[in-house]
Protein chains: 2
Amino acid sequence: MEPQFTPIENIGEFELIDRVSAILGESADPDLILGIGDDAAVFRADDDHSFVLSTDMLVEGVHFDFSYVPLSHLGAKAISSNVSDVAAMNALPSYATISLGIPPRVSVEMVEEFYRGIRQACDMYEMTIVGGDVSRARQFTISVAIVGRVETRRLSFRRGAQPGDLICVTGDAGSAFAGLKVLLEQQKSMKEQGDAFVPDIDDYRTVINRQLMPAARVDVIKGWHEADFRPNAMIDTSDGLASEVNHLCRNSQLGALVDLAEVPVLTETNSVAEKYEAALAEFVLYGGEDYELMFAINPNDLDKLNPSATHVIGTFTAQSEGVRLRFPNSQVVPLEAKGFKHF
Amino acid sequence: MEPQFTPIENIGEFELIDRVSAILGESADPDLILGIGDDAAVFRADDDHSFVLSTDMLVEGVHFDFSYVPLSHLGAKAISSNVSDVAAMNALPSYATISLGIPPRVSVEMVEEFYRGIRQACDMYEMTIVGGDVSRARQFTISVAIVGRVETRRLSFRRGAQPGDLICVTGDAGSAFAGLKVLLEQQKSMKEQGDAFVPDIDDYRTVINRQLMPAARVDVIKGWHEADFRPNAMIDTSDGLASEVNHLCRNSQLGALVDLAEVPVLTETNSVAEKYEAALAEFVLYGGEDYELMFAINPNDLDKLNPSATHVIGTFTAQSEGVRLRFPNSQVVPLEAKGFKHF
């Protein structure tokens, strides 16, 4: 009998993780506060402090393409995307390791350029690269593991949101995807026009920068620690708003109503959608890679936050009401969790 | 002007790590006890305890080949090789994350088989998988990051060996490489002989098992903690004896004299070398993947150790004497650090 062969794309990333988690089983470790399933795992350091641990893999041709990503930016982004997972736990980044798969067409000089971006990001986030590994590979492959630190009482998880809590986001949504759209369209034009090609990116520098050099919101987390504020639940918006709202709802066993009109969007993001005749809502809901924070907060706590860094985009409801989106014309539809597909 | 292009193989893995370390600079973090350069990094948990952090990347076609490695064995080996780095610090493994790059020809069922091997290894080492990431990739790519725990006073580093200390190893040397040799030769015969091929592995089951399912020496570390023994310096033998002796010497600023006749070798390893007309010394000195421990100990402390698990293979000397190997015929030659090449 032939062994069964189910392609991974048939079940998708999240179902695969569920199956793997079932094989791995439950941990009996009393110092492990949280295992698989959140932005990072959490384990106890001492009576009052914990460490968080997370990892991300970026693969050439899947997550990035050398034709539009400078290597130093790629290094910085690999760090920022991992720092964002630490921030999503309300923790601050401390240490990271980096494993690299390197194809023969990548030189020593290119690896050095990559690490200059890493260094710059580490300086910005006040963290240290403490180890790594390198190997030959056919695709440039980056695997970062990151350790962050937090007072245990400050921890935020995906679970913990309460019915009636406001859904808030930092920053804006869709700009990283708008930047990617511009870069890909420019690349297409360059191929079509050859030597006649003149880059047209001056009007889109902000969104391109958001794609190439996103910053994790460590600044927001530091402000919250000073103000002694802790969200009831939190996630970072790496996979797009729609996917993240669904994660918070699933983990908190709640429903949600998101007001599309309240989601902050840059003028440039809007211009990109118009220029390429794309639906702005697609950028905003499913774009991903913004590395902003989405969190749950009791309405009474709203005055503790910096109003310029916080945008209320909806409300958590009973689970029975489902996860819904209200369009500016008041039409309400189910908000599904589609996001960036890795398979 | 064209940018400079130096192929990585021109400078090699260790020189690349030196260049990257220079770019990353020194850390000012007071809780970071040890950064890049040892088997694992070390950071403080509380006044008396530390965590160690290490990472390894395994790439299909570079570190393993599906034609001879069952997926569950590959999963277990990915864990063991990382646990070995933790053991080399005299620490015990606690948590790990796993990032996987998965090509389309790998099914859900194959990934599940891989994770059954992971689970088995985790149960054996009493540790927990706490997170991970998955992505499409052209080669099956495994990146593990591992966190271990240790009382700070027990830590062993690559530095710290003293002149006159004995060089000891646990277990034997060269068996994992002997196993690989058998598997590769069998694969070759299978290709040449087609349907007429009859596997000839019964006499080599031990060394094949050492290649496919090596065990990290957590048992030794636990025994040492009970006996309150701490080596003056330590490393695991993942790259082969020659490379590891040189690492200990470089980090401890010492020389060494290794007696080849004292290095423990399995009879099977010897048979494999004879059968394929290979030099046994090559297996023993440069084979790698044994995941045993090599450590430095004051001669007066030798009676603290289990004699059946400890083999004295040489002595640390003044740095000026260099790193040397004595053959059974008493000839002494320089022992160079060549080992498994990743580029």
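Relevant structure appears above.
Residues numbered from 1 in each chain as written. Chains lettered and ligands numbered in written order. Predicted model: local features only at pLDDT ≥ 70, side-chain atom pairs only at ≥ 80, totals over all residues. Heavy atoms only, no water.

Student: Explain the relation of the copies chain A and chain B to me, please; I cannot follow it from the model alone.
Tutor: For the pair of chain copies, the relating operation is a rotation around an axis with a shift along it. Mapping chain A onto chain B leaves a residual RMSD of 0.0 Å; the transformation is a rotation of 180° accompanied by 0.0 Å of translation along its axis. What we have between these two chains is a two-fold relation. Across chain A, the smallest distance between a C-alpha and the rotation axis is recorded for A:Ala45, namely 2.5 Å. A high fraction, 100%, of the interface residues of chain A reappear at the interface in chain B, so the copies pair face to face through one surface. (Least-squares fit on C-alpha atoms with pLDDT ≥ 70 in both. Contact = heavy atoms within 4.5 Å.)

Student: I would appreciate a short explanation of the packing of aromatic side chains in the present structure.
Tutor: How two aromatic rings sit relative to each other is set out by the distance from centre to centre and by the angle between their planes. This model, assessed by the stated rule, comprises 25 aromatic pairs over all chains. Taken together, a centroid distance of 5.4 Å and an interplanar angle of 55° make the contact between A:Phe66 and A:Phe140 tilted. One end of the pair, A:Phe66, is in the loop between β3 (49-59) and α2 (71-87); the other, A:Phe140, is in the loop between β5 (128-136) and β6 (141-151), and 74 residues separate them in sequence. Their ring planes at 70° and their centres at 4.7 Å tell us that A:Trp224 and A:Phe295 sit as a pair that is edge-to-face. Pair noted here: A:Trp224 is in helix α6 (residues 218-227) and A:Phe295 is in strand β10 (residues 293-297), with a separation of 71 residues, a long-range link. Both residues of the pair, A:Trp224 and A:Phe295, belong to the buried class. An aromatic cluster is defined as three or more aromatic residues linked by ring pairs; in this entry it consists of A:Phe43, A:Phe51, A:Tyr95, B:Phe43, B:Phe51 and B:Tyr95. Of note, A:Arg159 hangs over the ring of A:Phe157, and the distance from its end group to the ring centre comes to 4.7 Å. (Phe/Tyr/Trp six-rings, centres within 6.5 Å; stacked < 30°, edge-to-face > 60°. Helix = DSSP H or I, 4+ residues; strand = E, 2+ residues; numbered from the N terminus. Buried < 20%, exposed > 50% of the residue type's maximum accessible area, 1.4 Å probe, protein only. Lys NZ or Arg CZ within 6 Å of the ring centre and 35° of its normal.)

Student: I tried to follow the interface of chain A and chain B on my own but got confused; where do I start?
Tutor: Frequently, the measure chosen for interface size is the accessible area that the parts lose on association. Facing 70 residues of chain A, the contacting portion of chain B comprises 70 residues. Buried area between chain A and chain B, both sides added, is near 6300 Å², and the carbon and sulfur share of it is 65%. Counting the surface chain A buries against chain B, the share from its top three residues, A:Ile23, A:Met57 and A:Arg136, is 10%. Our enumeration of links across chain A and chain B arrives at four salt bridges. Note that A:Asp31 is salt-bridged to B:Arg149, the shortest N-O span being 3.6 Å. (Buried area = accessible area lost by both parts, 1.4 Å probe. Salt bridge = Lys/Arg side-chain N within 4 Å of Asp/Glu carboxyl O.)

Student: Would you mind showing me how to read the sheet that holds strand β12 (residues 323-326) of chain A here?
Tutor: Hydrogen bonds along the backbone pair up the strands of a sheet, which may run parallel or antiparallel. All names here are of chain A. One open sheet accounts for seven strands, arranged β8-β10-β7-β11-β9-β12-β13; its pairing is mixed. Sheet topology places β8 (233-236) and β13 (332-334) at the edges, where each strand pairs with a single neighbour. On average, adjacent strands in this sheet sit at an angle of 25° to one another, irrespective of strand direction. The sheet contact formed by strand β9 (residues 254-259) and strand β11 (residues 311-318) spans five bridges and is antiparallel. Looking at the pairing, Ala256 lines up with Phe316 of β11. (Pairing = 2+ DSSP bridges. Axes fitted to C-alpha atoms, helices over the stretch in contact; angles between N-to-C directions.)

Student: Honestly, the pattern of salt bridges in this entry has me stumped. Any pointers?
Tutor: Think of it this way: side chains of opposite charge can pair up when their charged atoms draw near. Taken as a whole and assessed by the stated rule, the structure comprises 52 salt bridges over all chains. Measuring nitrogen to oxygen at the nearest pair gives 3.8 Å for the salt bridge that ties B:Asp31 to B:Arg44. One end of the pair, B:Asp31, is in the loop between α1 (8-24) and β1 (32-34); the other, B:Arg44, is in strand β2 (residues 41-44), with 13 residues separating them in the sequence. The exposure class assigned to B:Arg44 is partly exposed, which follows from its relative accessible area of 31%. Linking B:Glu321 and B:Arg324 is a salt bridge whose minimum nitrogen-to-oxygen distance equals 3.2 Å. Its relative accessible area of 41% is what places B:Glu321 among the partly exposed residues. Overlapping salt bridges bring together A:Asp172, A:Arg210, A:Arg217, A:Asp219 and A:Glu292 as one network.

Student: Is there a simple way to explain helix α8 (residues 267-275) of chain B in this structure?
Tutor: The α-helix advances 3.6 residues per turn, and as a result positions three or four apart in sequence lie on the same side. Residue and element names in this part refer to chain B. For α8, the complete set of buried residues consists of Glu268, Thr269, Val272 and Ala273. Each buried residue of α8 sits inside an arc of 140° when the element is viewed along its axis, so together they form one side. Exposed and oriented more than 90 degrees from the buried face of α8 are Thr267 and Glu274. Residues of α8 that are buried in the fold lie against α4 (175-193), α5 (205-212) and α9 (280-286). Two residues or fewer after α8 comes Glu277, characterised by a positive phi angle close to 50°. (Arc of directions from axis to C-beta.)

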